[in-house]
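Secondary and tertiary structure notes
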Amino acid sequence: MDRIVSGEVLDIIPHAGGFLYADKRTMEDGSVRAAFFSYEQDKSEAFPITTKTYLSNKFGAEFKTIAEHLGDFISCDAAVMVNSGVIALYDTGEMHIFSSAGAPIWEGTLTYQDEPVRDLAADGKNVWCAVPDRNAVICYSPDEGRVLLRIGGGATSAFSYPVSITKYDDTLYVCNKNSYKVRTLTLENYSVKDYLVFKEPVLKYFRVHDHEYAVLESGIYIV
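Here the residue numbers are simple positions, counted from 1 along each chain's written sequence. Whole-chain, interface and lining totals are the exception, using all residues; otherwise, since this is a predicted model, local features are given only for residues with pLDDT of at least 70 and side-chain atom pairs are given and counted only at 80 or more. Think of the side-chain values as coming from all heavy atoms in the structure, minus any hydrogens and water.

**Focus on the overall build of the chain**
Assigned secondary structure in the chain consists of two helices and 22 strands. Radius of gyration here is computed from C-alpha atoms only, and the compact-globule reference equals 2.2 Å multiplied by the residue count raised to the power 0.38. Taken over C-alpha atoms, the radius of gyration comes to 17 Å for the chain, in line with the 17 Å a tight globule of 223 residues would show. Seen through its principal axes, the chain has C-alpha atoms that stretch 50 × 40 × 35 Å. Across the 223 residues that make up the chain, the buried fraction comes to 47%. Any two residues whose heavy atoms approach within 4.5 Å at even a single point are treated as in contact. Partitioning the intrachain contacts of the chain with sequence separation of at least 6 by distance along the chain shows that 36% fall at a separation of at least 24. Working convention for charge: Lys and Arg count positive, Asp and Glu count negative, and His plus the chain ends are omitted. Each charge is placed at NZ for Lys, CZ for Arg, CG for Asp and CD for Glu. Of the charged side chains in the chain, 21 are positive and 31 negative; the average position of the first set lies 3 Å away from that of the second. Strands are runs of DSSP state E lasting at least 2 residues, helices are runs of H or I lasting at least 4, and numbering of each runs from the N terminus. Remark: exposure states derive from per-residue accessible area (1.4 Å probe, protein chains only) relative to the maximum for the residue type, with buried under 20%, exposed over 50%, and partly exposed in between.

As structure tokens, this is what we get:
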């Protein structure tokens, strides 16, 4: 396992050729700002990109309207849905749903059992989210405005402070901050298994073609 990006990573957006990321930079005058980069998988190197490139990959065609509405466009996770609408979700549970034209449709706080949800993994018209303080993941329907399904939580030990989810085919990959594990959730039968185990908290897992990546507290690694 090799570290390819060190430092504090603020956001990651996988794309066909690798991934974009935002990290925190301290300037000579002591101020702190975000810098944006693209990691090109075939070249194994990163180079600076514009804010526009970052935003268009994160929010789609109406990125300018959506970013202006949100203000803080880095701290949220985002999912472009099958209808080209966009959902943005902050770790506090604050959720914004936009139409394909970038118009706000719904804004509010999404909670489950009084705890905020975080992270988004699109699944058709629905999204999967993590509920860290309930040790659970949920499937939420934006159209119906309700939770359709919950996995974990209660007396089960399927997850240990899950903080992010990605979906590939019919499997969810759930990052568990407290157990340092990525666990898989097979949607065909809802079975949960260990997939990867690290020596420090794992914050995000994603893949680009045949390459797998993990975001740990110490940086981004190729697995």
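So, next bit.
**Some thoughts on the sheet that holds strand S17 (residues 171-176)**
Reading across the sheet, the four strands line up as S16-S17-S18-S19 and stay open at both edges, with antiparallel pairing between neighbours. Each edge of the open sheet is held by one strand with a lone partner, namely strand S16 (162-168) and strand S19 (191-197). Shown here is a sheet whose adjacent strand axes are inclined to one another by a mean of 25 degrees, direction ignored. Here a strand pair is declared whenever DSSP counts at least two bridges between the two strands. Alignment of strand S18 (residues 181-186) against S19, held across six bridges, turns out to be antiparallel. Across the sheet, residue threonine 186 finds its bridge partner in S19, namely serine 191. Orientation is described by axes fitted as lines to C-alpha atoms, over the contacting stretch for helices, and by angles from 0 to 180 degrees between their N-to-C directions.

**Topic: the side chain of glutamate 40**
Here glutamate 40 lies in strand S4 (residues 32-40). Here, a salt bridge means any Lys or Arg side-chain nitrogen found within 4 Å of an Asp or Glu carboxyl oxygen. The side chain of glutamate 40 sits in the buried core without any salt bridge; lysine 43 is the nearest counter-charge, 6.6 Å away. If we skip the residues at most four places from it in the chain, glutamate 40 touches His15, Gly17, Glu45 and Phe47.

**With respect to unusual backbone geometry**
Among all residues except glycine, the phi angle is most often negative; among peptide bonds, the trans geometry is most common. The phi dihedral of serine 84 is positive, around 70 degrees, even though this residue is not glycine. Structurally, the position occupied by serine 84 is in the loop between strand S6 (77-80) and strand S7 (86-89). One non-glycine residue, histidine 209, adopts positive backbone phi at about 55 degrees. Mapping histidine 209 onto the fold places it in the loop between strand S20 (202-208) and strand S21 (211-216).

**Remarks on the packing of aromatic side chains**
Classification of ring pairs rests on two measures: the distance between centres of Phe, Tyr or Trp rings, Trp counted by its six-membered ring, which must be within 6.5 Å, and the angle between planes, read as stacked under 30 degrees, edge-to-face over 60 and tilted in between. Under the criterion given, the structure shown has 14 aromatic pairs. Relative to tyrosine 205, the ring of tyrosine 168 lies with its centre 6.5 Å away and its plane at 85 degrees, an arrangement referred to as edge-to-face. One end of the pair, tyrosine 168, is in strand S16; the other, tyrosine 205, is in strand S20, with 37 residues separating them in the sequence. Taking relative accessible area as the criterion, tyrosine 205 reaches 0% and is therefore assigned buried. Arranged with centres 5.0 Å apart and planes meeting at 15 degrees, the rings of phenylalanine 206 and tyrosine 213 form a pair that is stacked. By the burial criterion, phenylalanine 206 is buried, and tyrosine 213 matches it. In textbook terms, an aromatic cluster arises when at least three aromatic residues are bridged by ring pairs, as seen for Phe19, Tyr21, Phe37, Tyr39, Phe206 and Tyr213.

**Here we look at the environment of isoleucine 13**
Here isoleucine 13 lies in strand S2 (residues 9-15). We classify isoleucine 13 as buried; its relative accessible area is 9%. Those residues in contact with isoleucine 13 that lie beyond four places of it in its chain are Phe19, Leu20, Tyr54, Asn57 and Lys58.

**Quick look at the pattern of salt bridges**
The tally for this structure, following the rule as stated, stands at seven salt bridges. A salt bridge links glutamate 144 to arginine 146; the shortest N-O distance between them is 2.6 Å. Between aspartate 194 and arginine 183 there is a salt bridge; the shortest N-O distance is 2.7 Å. Taken together, the residues span a long stretch of sequence, with aspartate 194 in strand S19 and arginine 183 in strand S18 at a distance of eleven residues. With a relative accessible area of 39%, aspartate 194 lands in the partly exposed category.

**What to know about the sheet that holds strand S12 (residues 118-123)**
Pairing is antiparallel across the open sheet formed by four strands, whose spatial order is S12-S13-S14-S15. In this open sheet, the two edge strands, each paired with only one partner strand, are S12 and strand S15 (146-152). On average, adjacent strands in this sheet sit at an angle of 25 degrees to one another, irrespective of strand direction. Pairing of S12 with strand S13 (residues 126-131) involves four bridges; the strand directions are antiparallel. Residue alanine 122 lies in a different strand from S13, and its bridge partner there is valine 127.

Keep in mind these values describe shape, not function.
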